[in-house]
Amino acid sequence: MRRPDTTVLPELEQQLRGAALRTQPRRRRLVWPLTAVAVLLSGASLATAGVKLFGDPVARTAPAGNTRSGPGTTVPGSVRLLSLRTADPNGGAPWGMRVWNTSRGAACWQVGRVVGQQVGVLDRAGRFHALPIEQSQCRPLDARGTLFAVQDQWMLANGGAEPWTCTPSERPVPGRPRCLPGNVRLVRYGFLGPDASAIEVGGRRHAVTEDAFLLVDRADFSSPEVPAPIAVVYRDGSHGPARDYRLEDPQRGTTPPGYEPLADNLPSDVSAPLRFTAKRRGKDLIFTLSFRAPVATRRFGVSYRIVIDGPRGGRRCDERMRFTGFDTPGDVRRGQRIEVKLTPGIQIRYGHGWCPGRYRGKVILHDSAHVVGRFSWTQR
Amino acid sequence: MDDERLVREVERSADAFVELYRRYEQPVLGYFRRRVDDAELAADLTGEVFARALEGLRARRDIDRGFSAWLFGIAHNVLVDSYRRGRVDDEARRRLGMEPVALVDDALARIDALGDETTLRGALDALPPEQREALWARIVDERDYEEIAGALVCSEQVVRKRVSRGLATLRARLGGECQ
């Protein structure tokens, strides 16, 4: 393919170069105790699972966790394969999940085909490839250390977490290979906390095992309808929708039964003086906002962030503008100086400068109930 | 250097991945711009596609249908995920420690131009399905004949014939509208 002389997004190119350099594999390969696994598994169990052979373990896709940012690193000894197993519509090794805790108060999980004590994928020859433990799907634990998450995910029938390398035969996309008929699965799973006893979907009730559920079905692309909603049945007899509660979301009042908000562990007063200065650069005003962190943060999902409500936004200044961002990505020490630059080009992403009107902003810690300070300005 | 060789080089060289980005940035931006009504959104989706592609290559995923087919598969996946979640997925970029990209008017205008194929789409829609499929893959998504043949499970010769017939029909149709 002919390459254009210049890229449209040189900054993206630069960032991808940085990411490629950071993730450059070291020469040493990951060695998995495959032989040990093979010895542990009896021939009978392999035959039952429909697995012909073991292949190489899947290489790591995400960089190793960082102890001071993101979900953190895996807590040694915390990896737990749930006893929950769900059959695939075509048979073979069942589907299962494993969960583990991380050093920054999160839990991560993996879904795939299960053989012995391993979660992995099957290749076209039916060989099983174990997945490495990596922090790609994680959520903050609640204040009691419980994981809450609900996901609908399209996956390949072999357990592969990256679907759409082919297009479903029922919904072909020009120019892309078609999957074998019925090769895509709708995998629906959730971690519902200790108060849940069952789920109901499409008029059928399924028991919850170890506070979790896992449903695997052929993806039906011939129907325009969205998958049937899942209702959670709680031990007290009440029902509620199975929703994916993003616990870092500052919205309160939408958490499931049994969930203990992280914010309850934060002091009620987190106010701190803000320093807010403006500087003109060309036709634009660039604002610098800084403050000293009133509280240390060391948990995934608990961060300082900035919320700005503007008069108008968008490319033609004709849309309502609300910006939330600048989350501190990792540990923050108490008293640490945090500084951010507010520029119309970067944060609002349009080159025309600030839209006219009054802007009101605030720095919050985790949620809107914990306001560090407020700021505002008027753009003429 | 062909795509397959670059894909193999990615393990040893970040430059190889950047070269793949340079080759496919505009086709992917165009792919998204034709499917979402916003250049900024198209840029956002493109960032996530290449981040996922980098992760996939690092994981040595099988790319047996060619890099282009595999990359557009990821693009479709990102688009579907984003529709489903109501927001652009950024998990791969977060995992890779990538920041949001600043966009200026010039870039937005270029992205808009990449997606400007309203007339072509109308004319393409009127073609027989097999010609439309081949033409779309060749002209709009800028795919190689070999890749298209692999994707459509037919010979390269058949794809060339379909593209050629489709172009002739388009020429007649679009030309006719101009007279």
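Described in the following lines is the structure provided in the data block. (Residues numbered from 1 in each chain as written. Chains lettered and ligands numbered in written order. Predicted model: local features only at pLDDT ≥ 70, side-chain atom pairs only at ≥ 80, totals over all residues. Heavy atoms only, no water.)

**Focus: the overall build of chain B**
A count of helical and extended segments in chain B gives 10 helices and zero strands. Listing each helix as α and each strand as β along chain B from the N terminus yields α-α-α-α-α-α-α-α-α-α. By residue count, 55% of the 179 residues in chain B fall in the buried class. Residue pairs in contact within chain B that sit at least 24 positions apart in sequence constitute 63% of those at least 6 positions apart. Only carbon and sulfur atoms are counted for the fraction: they give 46% of the accessible area of chain B, which is about 7,900 Å². (Helix = DSSP H or I, 4+ residues; strand = E, 2+ residues; numbered from the N terminus. Buried < 20%, exposed > 50% of the residue type's maximum accessible area, 1.4 Å probe, protein only. Contact = heavy atoms within 4.5 Å. Areas by Shrake-Rupley, 256 points an atom, 1.4 Å probe, with all protein chains shown as cover.)

**A closer look at the overall build of chain A**
Scanning chain A for helices and strands turns up four helices and 20 strands. Here chain A, with 380 residues, has 51% of them falling under the buried criterion. In chain A, 64% of the contacts between residues at least 6 apart in sequence involve partners at least 24 apart. Summed over all atoms, the accessible surface of chain A reaches about 18,700 Å², with 50% contributed by carbon and sulfur.

**Observations concerning unusual backbone geometry**
Residues and elements named next belong to chain A. A positive phi angle, near 50 degrees, is found at Glu210, a position not held by glycine. If you trace the backbone, Glu210 turns up in the loop between strand 10 (204–207) and strand 11 (212–218). Phi is positive for Asp211, which is not a glycine, with a value near 65 degrees. With respect to the helices and strands, the residue Asp211 is situated in the loop between strand 10 and strand 11.

**Considering the pairing of strand 7 (residues 149–156) of chain A**
All names here are of chain A. With seven of eight residues buried, strand 7 is to be regarded as a mostly interior element. Where strand 7 and strand 8 (residues 184–191) come together, eight bridges link them in antiparallel fashion. Following the sheet pairing, Val150 is matched in strand 8 by Gly190. (Pairing = 2+ DSSP bridges.)

**Some details on the sheet that holds strand 10 of chain A**
Residues and elements named next belong to chain A. On the basis of which strands lie adjacent, the open sheet formed by four strands has the order 10-9-12-13 and antiparallel pairing. A single partner strand is all that each edge strand has here, and the edge strands are strand 10 and strand 13 (239–241). Averaged over all pairs of adjacent strands, the angle between strand axes in this sheet comes to 30 degrees, irrespective of strand direction. Both strand 12 (residues 230–234) and strand 13 contribute to a ladder of three bridges, which runs antiparallel. Its bridge partner lying in strand 13, Val233 is registered against His239. (Axes fitted to C-alpha atoms, helices over the stretch in contact; angles between N-to-C directions.)

**Let's talk about the sheet that holds strand 18 (residues 337–342) of chain A**
Residue and element names in this part refer to chain A. One open sheet holds the three strands; their spatial order is 14-15-18, and the pairing between them is antiparallel. Edge positions in the open sheet fall to strand 14 (274–281) and strand 18, since each of these has one partner strand only. For this sheet the average axis-to-axis angle between neighbouring strands, irrespective of direction, equals 20 degrees. Across six bridges, the pairing between strand 15 (residues 284–292) and strand 18 is antiparallel. Looking across to strand 18, one finds that Phe287 is bridged to Leu342.

**Some details on the state of the cysteines**
All names here are of chain A. Under the criterion given, the structure shown has one disulfide over all chains. At a sulfur-sulfur separation of 2.1 Å, the disulfide partner of Cys108 is Cys138. Residues Cys108 and Cys138 are joined by a disulfide whose S-S torsion is about 100 degrees; by sign, that bridge is right-handed. Taken together, the residues span a long stretch of sequence, with Cys108 in strand 3 (residues 106–115) and Cys138 in strand 6 (residues 138–140) at a distance of 30 residues. Cys108 gets classed as buried once you look at its relative accessible area, which sits at 0%. Of the residues examined, Cys138 reaches a relative accessible area of 12% and is grouped as buried. (Disulfide = S-S within 2.5 Å.)

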